Amino acid sequence: IRESATLTRDVLEQHFNDLKGTLKKLLDERLMSLLQEVDAIEQESIKPLDECQKLIEHGVSTADDLLREGESAVHGDVGQQNEKLCSFTKKALHIQLDSLPEVPSLVDVPCLSAQLDDCLLTILKNQIFRHGTVASRPPVQLEEFVEKPGGILVRWCKVDDDFIPQDYRLQYRKSTASHFEDVYVGSETEFIVLHIDPNVDYQFRVCARGDGRQEWSPWSIPQIGCTTLVPHEWTAGLEGYSLSSRRNIALRNDSQSCGVLYSKAPTYFCGQTLTFRQVFSGIETVGQPDRRDSLGVCVEQQNGYDSLQRDKAVCISTNGAVFVNGKEMTNQLPAVTSGSTVTFDMEVVQLGPSSSEGGNFKLRVTISSNNREVVFDWVLDQCCVSLYFGCSFSYPGWKVLVF
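This is a predicted model, so every value here is computed, not measured. (Residues numbered from 1 in each chain as written. Predicted model: local features only at pLDDT ≥ 70, side-chain atom pairs only at ≥ 80, totals over all residues. Heavy atoms only, no water.)

Some details on the pairing of strand E17 (residues 341-348)
(1) Moving on: As paired elements, strand E12 (residues 273-278) and E17 share 5 bridges and run antiparallel to each other. Directly across from Thr-273, in E17, lies its bridge partner Asp-345.
(2) Moving on: Pairing of E17 with strand E18 (residues 361-369) involves 7 bridges; the strand directions are antiparallel. Each bridged residue has a counterpart across the sheet, and for Phe-344 the counterpart in E18 is Ile-367. (Pairing = 2+ DSSP bridges. Helix = DSSP H or I, 4+ residues; strand = E, 2+ residues; numbered from the N terminus.)

Re the sheet that holds strand E1 (residues 140-148)
The pairing of strands in a sheet happens through backbone hydrogen bonds and is either parallel or antiparallel.
(1) Moving on: As summarised here, the arrangement of the 3 strands in space is E1-E2-E5, forming an open sheet in which the pairing is antiparallel. With one partner strand each, in any of the chains shown, E1 and strand E5 (190-193) form the two edges of the open sheet. The average undirected angle you get between the axes of adjacent strands in this sheet is 20 degrees.
(2) Moving on: Here strand E2 (residues 151-158) pairs with E5 via 4 bridges, running antiparallel. (Axes fitted to C-alpha atoms, helices over the stretch in contact; angles between N-to-C directions.)

A word on the pairing of strand E15 (residues 321-324)
Along any regular strand, the residues point their side chains to alternate faces of the sheet.
(1) Moving on: On E15, burial covers both faces: Ala-321 and Phe-323 on one face and Val-322 and Val-324 on the other are all buried.
(2) Moving on: Alignment of strand E14 (residues 313-316) against E15, held across 3 bridges, turns out to be antiparallel. Pairing of Ile-316 across the sheet is with Val-322, part of E15.
(3) Moving on: In this antiparallel pair of consecutive strands, E14 and E15, the connection spans 4 residues, and Gly-320 shows a positive phi of 95 degrees.
(4) Moving on: Bridge count for E15 against strand E16 (residues 327-332) is 3 bridges, and the pairing is antiparallel. Note that in E16 the partner of Phe-323 across the bridge is Glu-328.
(5) Moving on: Hairpin connection from E15 to E16: 2 residues lie between these consecutive antiparallel strands, with Asn-325 at a positive phi of about 50 degrees. (Buried < 20%, exposed > 50% of the residue type's maximum accessible area, 1.4 Å probe, protein only.)

Overview of a nonpolar patch on the surface
(1) Moving on: Taken together, the side chains of Leu-12, Phe-16, Leu-19, Leu-23, Leu-26 and Val-134 make up a nonpolar region of the molecular surface, amounting to roughly 490 Å² of accessible area.
(2) Moving on: Of note, Phe-16 is situated in helix H1 (residues 2-75).
(3) Moving on: Relative accessible area serves as the criterion here: at 30%, Phe-16 is assigned to the partly exposed category. (Patch = residues over 30% accessible without salt bridge, like charges linked within 9 Å, V, L, I, M, F, W, Y side chains within 5 Å. Areas by Shrake-Rupley, 256 points an atom, 1.4 Å probe, with all protein chains shown as cover. Salt bridge = Lys/Arg side-chain N within 4 Å of Asp/Glu carboxyl O.)

As for the pattern of salt bridges
(1) Moving on: Applying the stated criterion across every chain yields a total of 13 salt bridges.
(2) Moving on: The residue Asp-167 makes a salt bridge to Arg-209 at a minimum N-O spacing of 3.3 Å. Taken together, the residues Asp-167 in strand E3 (residues 165-174) and Arg-209 in strand E6 (residues 202-210) connect sequence positions 42 residues apart.
(3) Moving on: A relative accessible area of 17% places Asp-167 in the buried class.
(4) Moving on: A relative accessible area of 17% means that Arg-209 is categorised as buried.
(5) Moving on: Close ionic contact of Glu-215 with Arg-213 constitutes a salt bridge, the shortest N to O distance being 2.2 Å.
(6) Moving on: Exposure remark for Glu-215: the relative accessible area of 43% places this residue in the partly exposed category.

Remarks on the domain arrangement of the protein chain
(1) Moving on: Examined at the domain level, the protein chain breaks down into domain 1 (1-130), domain 2 (140-227) and domain 3 (241-352 + 359-402).
(2) Moving on: A C-alpha centroid distance of 30 Å is found between domain 2 and domain 3.
(3) Moving on: At the interface, 5 residues of domain 2 touch 5 residues of domain 3.
(4) Moving on: Interface area, domain 2 with domain 3, both sides summed: about 370 Å², of which 50% is carbon and sulfur.
(5) Moving on: Our enumeration of links across domain 2 and domain 3 arrives at 0 salt bridges.
(6) Moving on: There are 0 residue pairs in polar contact (both at pLDDT 80 or more) connecting domain 2 and domain 3.
(7) Moving on: Considered class by class, the residues forming the side of domain 2 that touches domain 3 number 2 nonpolar, 1 polar and 2 charged. (Domains from an automatic or database assignment. Contact = heavy atoms within 4.5 Å. Buried area = accessible area lost by both parts, 1.4 Å probe. Polar contact = N/O pair within 3.5 Å; in protein donor to acceptor, adjacent residues only side chain to side chain. Nonpolar A, V, L, I, M, F, W, Y, C, P; charged D, E, K, R; others polar.)

Concerning the nonpolar core
(1) Moving on: If you look at the biggest cluster of nonpolar residues, it comprises 36 residues, and the most contacted ones within it are Met-346 and Trp-378.
(2) Moving on: Formed by 16 residues, the second largest nonpolar core is a distinct cluster that contains Leu-142, Trp-156, Tyr-184 and Phe-204. (Core = buried A, V, L, I, M, F, W, Y, C linked by side-chain atoms within 4.5 Å.)

As for helix H3 (residues 119-130)
(1) Moving on: In this model, H3 (12 residues) spans 17 Å end to end at C-alpha, consistent with the 16 Å of a helix rising 1.5 Å per residue.
(2) Moving on: Immediately beyond the C-terminal end of H3, within one or two residues, lies Gly-132, with a positive phi of roughly 85 degrees. (Expected span 1.5 Å × (residues − 1).)

Some thoughts on the UniProt feature "coiled-coil region" (unreviewed entry) in the protein chain
(1) Moving on: Mapped onto the present numbering, the UniProt feature "coiled-coil region" (unreviewed entry) falls on residues 9-44.
(2) Moving on: As a span, residues 9-44 carries 100% helix and 0% strand, and end to end its C-alpha atoms are 52 Å apart. (UniProt positions renumbered as here; feature names shortened; annotations may be inferred.)

Thoughts on unusual backbone geometry
(1) Moving on: For Asn-325, which is not glycine, the phi dihedral falls at a positive 50 degrees.
(2) Moving on: Looking at the secondary structure, you find Asn-325 in the loop between E15 and E16.
(3) Moving on: Its identity is not glycine, yet Asn-371 carries a phi of approximately 65 degrees, on the positive side.

Some details on the side chain of His-232
(1) Moving on: On the secondary structure map, His-232 appears in the loop between strand E7 (223-225) and strand E8 (241-243).
(2) Moving on: Using a relative accessible area of 2% as the deciding quantity, one classes His-232 as buried.
(3) Moving on: Polar contacts involving the side chain of His-232 include one to the side chain of Thr-267, which spans 2.8 Å.

In structure tokens form, the structure reads like this:
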């Protein structure tokens, strides 16, 4: 309680300090804009009046000069009087002393003023007093962490019956990191976080956005999750496939070489879920299908095959056919296309004492694809709780993620 209260105080102080700085900046910018508007109106309005004043002053000055010249001609010597009067008359005829620029009426002259509505303070006051809330319990909380190879399945739940969620937002960080980062935003209540280093603690938190609302709820209590399972990896070096940097994504390239791409080690254990996801390759929507294509698991790596449709293996073809020990089952799943997800779940079936004498080992297998599944028993002649996984594609363009 004390730790969360201290953190909440820090968040509130930081937020309102940021608001103060932002409001001051906005008010300064608005003041500068209004002052610039006053300057622009003043300069635009005063310019014609200044020009009018200059014309009037120039006319008055010209009339004064002419008047003094006329007085000098009248009072001058008799010999020069006619010449001066003649010059005065010529100037007087060329100067229009009765012509003045039009002076605008007083009502047409701008008179600047500022209109400041005091209701802004009332509006701001009401908004500020309603800004921010303090919640004692977030509406959603983290519920469960499930270890996955190189990942963690995170589940959360709603704990406030009156809260109607629209979206959830999940964040995580390494325990040594200082900042959380978004890993999922959506309407689901679980998500598999991949690219998790084994035996390393990660902190998770989740919040929600209410129906029709823009702001997010308070964060849940941060909880620590980790996985002890090493990530699934494809074997590097097979000519027909290109791998991602983490070796969990395999792309069937345009090499003419063919064969089965196996996992680096038998990292799939009974009781877990193995997931293959067909992702967009950027070459084409999806590779051309072939009946020899396969995604599945096997007891051991066997080179020299171009498909997992063989003994000691179960797999699904891209056309949805299911094969057990090389034999096609009558049940069929939907075809594998771009974005398809195929999962394998296996559990050991407990056999009777008589079965153990025969050396048989039975696994119950569930293969799911596009909301359909097949369930069958896979009988082996040896005990096997960890398996290899593999894939084979005849044509380029297929790109599969395993986790």
